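An overview of the molecular structure
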Amino acid sequence: MIKYLIGIIVLVQIANAHLCIYDPPQRGNALPFPMGPGYNDCYRPYPNCGNMTAGKPVVTFTSGQPYAVVFQQNYNHWYEPNQGYMDIAISYNGDNGPFKQLSQTIDDFNAWDMVTQTNFTINVNIPSQPCSSCVLRVRYISNNAGEPAPDFYQCADIAIE
Ligand SMILES: *[C@@H]1O[C@H](CO)[C@@H](O)[C@H](O)[C@H]1NC(C)=O
Ligand SMILES: *[C@@H]1O[C@H](CO)[C@@H](O)[C@H](O)[C@H]1NC(C)=O
Ligand SMILES: [Cu+2]
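Attention in this report is confined to the structure presented alongside it. (Residues numbered from 1 in each chain as written. Chains lettered and ligands numbered in written order. Predicted model: local features only at pLDDT ≥ 70, side-chain atom pairs only at ≥ 80, totals over all residues. Heavy atoms only, no water.)

1. Focus on the site of ligand 1
As a structural note, the neighbourhood of ligand 1 is formed by Tyr 22, Phe 33, Pro 34, Gln 72, Gln 117 and Asn 119. A distance of 2.3 Å separates an oxygen atom of ligand 1 from a polar atom in the side chain of Asn 119. For the shell around ligand 1, the class distribution of residues is 3 nonpolar, 3 polar and no charged. (Near = heavy atom within 4 Å. Polar contact = N/O pair within 3.5 Å; in protein donor to acceptor, adjacent residues only side chain to side chain. Nonpolar A, V, L, I, M, F, W, Y, C, P; charged D, E, K, R; others polar.)

Encoded structure:
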């Protein structure tokens, strides 16, 4: 990103924002609608849940039913030499997993302008196994070698009945 030398403000934003889950609501503060690129709560580069402490379930899913997960790539970190992806997974065993994939991986893409925000609505099948507290994780593995922390994690605390 340095090579573009757009200016210090843009560089600060580049280090500030990348992925947020709208639905189910991610851990932490409620997200504003809409939010700009560089939104702090979208920058959580620590696996598996951005170092956010688990809370009570915020949504109860119906087992075996489809659910539309809505998230936003809040900053595009496309990296041509080692192209990244996003995915959705669930853990029945807290933040350390194991995590089971709920979606195909979603290929990263060249948005041309890094501040591009892209919303995704991905239909997943909720597993049939119930849980009183599970972790739904969305991550953006950008693989971008120019980034100090290239991969981004968000979790939502959910239940399945
Ligand atoms: C993404 O979705 C949010 C929530 O519906 C909306 O406020 C925002 O305008 C959308 N952003 C884009 C870039 O479509
Ligand atoms: C995130 O959590 C991990 C594991 O507990 C810890 O090693 C790391 O220092 C934390 N990072 C930050 C920035 O809090
Ligand atoms: Cu960045």
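Following the structure, the description resumes.
2. Here's the deal with the side chain of Arg 44
Topologically, Arg 44 is positioned in the loop between strand S1 (19–23) and strand S2 (59–61). For Arg 44, a relative accessible area of 7% corresponds to the buried category. In this structure the side chain of Arg 44 is engaged in a polar contact, spanning 3.0 Å, whose partner is the side chain of Gln 154. (Helix = DSSP H or I, 4+ residues; strand = E, 2+ residues; numbered from the N terminus. Buried < 20%, exposed > 50% of the residue type's maximum accessible area, 1.4 Å probe, protein only.)

3. Remarks on the state of the cysteines
One way to say it: the disulfide is the covalent bond shared by the sulfur atoms of two cysteines. This model, assessed by the stated rule, comprises 3 disulfides. Each disulfide pairs two cysteine sulfurs, and for Cys 20 the partner residue is Cys 42, the sulfurs being separated by 2.1 Å. Sign of the S-S torsion, about -105 degrees for the bond between Cys 20 and Cys 42, identifies this disulfide as left-handed. Taken as a pair, Cys 20 in strand S1 and Cys 42 in the loop between S1 and S2 lie far apart in primary sequence, 22 residues in all. Residue Cys 20 is classed as buried on the basis of its relative accessible area, which comes to 0%. Shown here for the protein is a disulfide pattern of 1-2, 3-6, 4-5, where each number marks a bonded cysteine counted in sequence order. (Disulfide = S-S within 2.5 Å.)

4. Concerning the nonpolar core
Here is a general trend for soluble globular proteins: nonpolar side chains tend to be buried in one another's company. Counting residues in hydrophobic clusters, the biggest one holds 25 residues, and the most contacted among them are Val 69, Phe 71, Ile 88 and Ile 158. Put simply, the parts of the chain that give this core at least two residues each are S1, S2, strand S3 (66–73), strand S4 (85–91), strand S7 (118–125), strand S8 (131–141) and strand S9 (151–160). Sort the elements by how many residues they give to this core and S8 lands first, with 5 residues. (Core = buried A, V, L, I, M, F, W, Y, C linked by side-chain atoms within 4.5 Å.)

Geometry only, nothing functional implied.
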